[in-house]
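Examination of the molecular architecture
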Amino acid sequence: MKKLVSLLLVVVMVLSMVACGDKTANGDDKSKNQLVVATNASFEPFEYMDGDTYYGVDMEIAKLLADELGKELVIDNMDFNAVCLSVGQQKCDIAMAGLTVNEKREKHVTFTESYYEASQKLVVPSDDTVFANCTDVESVMTALNGLAKDVTIGVQEGTTGQFFVEGDEEWGFDGLTATCKTYKNGSLAIQDMINGNIDYVIIDAAPAVAITESINAMQTDNAVTAKVLEYNLTEEEYAFGVDKTQPELLEQVNDFIKKIKEDETLEEIFNKYFGDG
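Overview of the structure. (Residues numbered from 1 in each chain as written. Predicted model: local features only at pLDDT ≥ 70, side-chain atom pairs only at ≥ 80, totals over all residues. Heavy atoms only, no water.)

1. Some thoughts on helix α3 (residues 80–88)
For the record, the criterion: The buried label goes to any residue with under 20% of its type's maximum accessible area, the exposed label to any with over 50%, and the partly exposed label to all in between, with areas taken from a 1.4 Å probe on protein chains only. Strands are runs of DSSP state E lasting at least 2 residues, helices are runs of H or I lasting at least 4, and numbering of each runs from the N terminus. Arc, as used here, means the arc of the directions from the helix axis to the C-beta atoms.
Looking only at α3, the buried set comprises F80, V83, C84, S86 and V87. Seen end-on, α3 carries its buried residues on one side only, within an arc spanning 160 degrees. The positive-phi residue at the C-terminal boundary of α3 is Q90, with phi of around 60 degrees.

2. Focus: helix α8 (residues 247–262)
The criterion, for reference: By this rule the span expected of a helix is its residue count minus one, scaled by 1.5 Å. Residue contacts are counted whenever heavy atoms from the two residues lie within 4.5 Å of one another.
With 16 residues, α8 should reach 22 Å at 1.5 Å per residue; the first-to-last C-alpha distance of 23 Å fits that figure. Among the residues of α8, L249, L250, V253, N254, F256, I257 and I260 are the ones counted as buried. Along the long axis of α8, the arc covered by the buried residues comes to 160 degrees, so they all point the same way. Exposed and oriented more than 90 degrees from the buried face of α8 are P247, E248, E251, K258 and E262. Here the buried face of α8 lies against β1 (34–39), α2 (57–69), β6 (94–100), β7 (109–111), β14 (236–243) and α9 (265–274). E264 occupies a position one or two residues after α8 and carries a positive phi of about 70 degrees.

3. Some points on the packing of helix α6 (residues 186–194) against helix α7 (residues 205–217)
Here is the rule we go by: Axis angles are defined between N-to-C directions and span 0 to 180 degrees, where every axis is a line fitted to C-alpha atoms and, for a helix, only to the segment in contact. Angles below 35 degrees are treated as roughly parallel, those above 145 as roughly antiparallel, those between 65 and 115 as roughly perpendicular, and all remaining angles as oblique. Each crossing gets its handedness from the near helix: less than a right angle anticlockwise from the far helix is left-handed, clockwise is right-handed.
The geometry of α6 relative to α7 is characterised by a closest axis approach of 10 Å and an angle of 50 degrees between their N-to-C directions. Of the possible angle classes, the one that applies to α6 and α7 is oblique. The chirality of how α6 crosses α7 is right-handed. Only A208, I211, T212, I215 and N216 of α7 make contact with α6, whose side of the interface consists of G186, S187, I190, Q191 and I194.

4. Some thoughts on the packing of aromatic side chains
Describing an aromatic ring pair means giving the distance of the ring centres and the angle of the ring planes. Selection rule: A pair of Phe, Tyr and Trp rings is counted when the ring centres sit within 6.5 Å of each other, with Trp represented by its six-membered ring. The angle between the planes then sorts it: under 30 degrees is stacked, over 60 is edge-to-face, the rest tilted.
The full count for this structure, using the stated rule, is 16 aromatic pairs. Here F163 and W171 contribute two aromatic rings whose centre-to-centre distance is 4.8 Å and whose plane-to-plane angle is 20 degrees, an arrangement assigned as stacked. F163 gets classed as buried once you look at its relative accessible area, which sits at 14%. Judged by relative accessible area, W171 falls into the buried class, the value being 11%. Taken together through their ring pairs, the aromatic side chains of F43, F46, Y115, Y116, Y238, F240, F270 and F274 make up a single cluster.

5. Topic: the sheet that holds strand β4 (residues 53–55)
Stated precisely, the cut-off is as follows: Pairing between two strands requires that DSSP report at least two bridges joining them.
An order of β2-β3-β4 is seen for the three strands of this open sheet, with the pairing classed as antiparallel. Two strands bound the open sheet, and with one partner strand each, they are β2 (42–43) and β4. Bridge analysis of β2 against strand β3 (residues 47–50) gives two bridges, and the strand direction is antiparallel. When the bridges of β3 are listed, F43 appears paired with E47.

6. With respect to the pattern of salt bridges
Quick note on the threshold: Criterion for a salt bridge: a side-chain nitrogen of Lys or Arg within 4 Å of a carboxyl oxygen of Asp or Glu.
As enumerated under the stated definition, the model contains eight salt bridges in all. Between K259 and E68 there is a salt bridge; the shortest N-O distance is 3.0 Å. Residue K259 is found in helix α8, and its partner E68 is found in helix α2; the two are separated by 191 residues along the sequence. Between K107 and E170 there is a salt bridge; the shortest N-O distance is 3.6 Å. Of this pair, K107 sits in the loop between β6 and β7 while E170 is found in the loop between α5 (160–166) and β11 (179–183), placing the two residues 63 residues apart along the sequence. Overlapping salt bridges bring together D79, E157 and K184 as one network.

Okay, structure coming up:
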């Protein structure tokens, strides 16, 4: 009798483990037909939140992709540093977070075809004089390389800007002498710069423009504002990062990117967030 009871307990425990195994820590259910997207919704205009709703270029593409695949869209919002890692650990299916294609990230994901050409921009206070006479990217780089260690440049943690300032062999960046300070998002960095706590900010071009416009609109008359220099410090490509164990999904996403490029849906999304110009 005791053996029978013990056997029944083992069976119950196994069944319980199987039932729980379909659930991930973030609440998505692997037994359901879902597309689980890893993102960092602090990267306007590619991904951001208004209340409980997600907006942005990547989020609109994610919704269209889920519809195309006939799946329920699940957004998993996390720190940027965790985005590729979560896909590599099969906690999410795909990373959609304004990701620059790079070999270091390819250790965790397989990148899709590119869908956007990006770059890093330097953001300076409106009263800055160091870069006032720069007329091209070469003169900007000369000025950046001349900055001393007591000059602080803010970046979003884990992004290209951080590798650019600190230096990274895999990214091909020699780094700067200036001190790098990381932030959870670009908004915090630019606000800290305006408040006089750091000197400059280097972040991706599109967020740089969106953030400075938003923050400058809240500044009072004669207050220091933020200015984005027009020169591209880098040349990059954005793509989505797919779970390496899902080659079929990779093919489906690449086909979808090709489709929305050809039927101009992608261009319409960009125009919505960047304007027609």
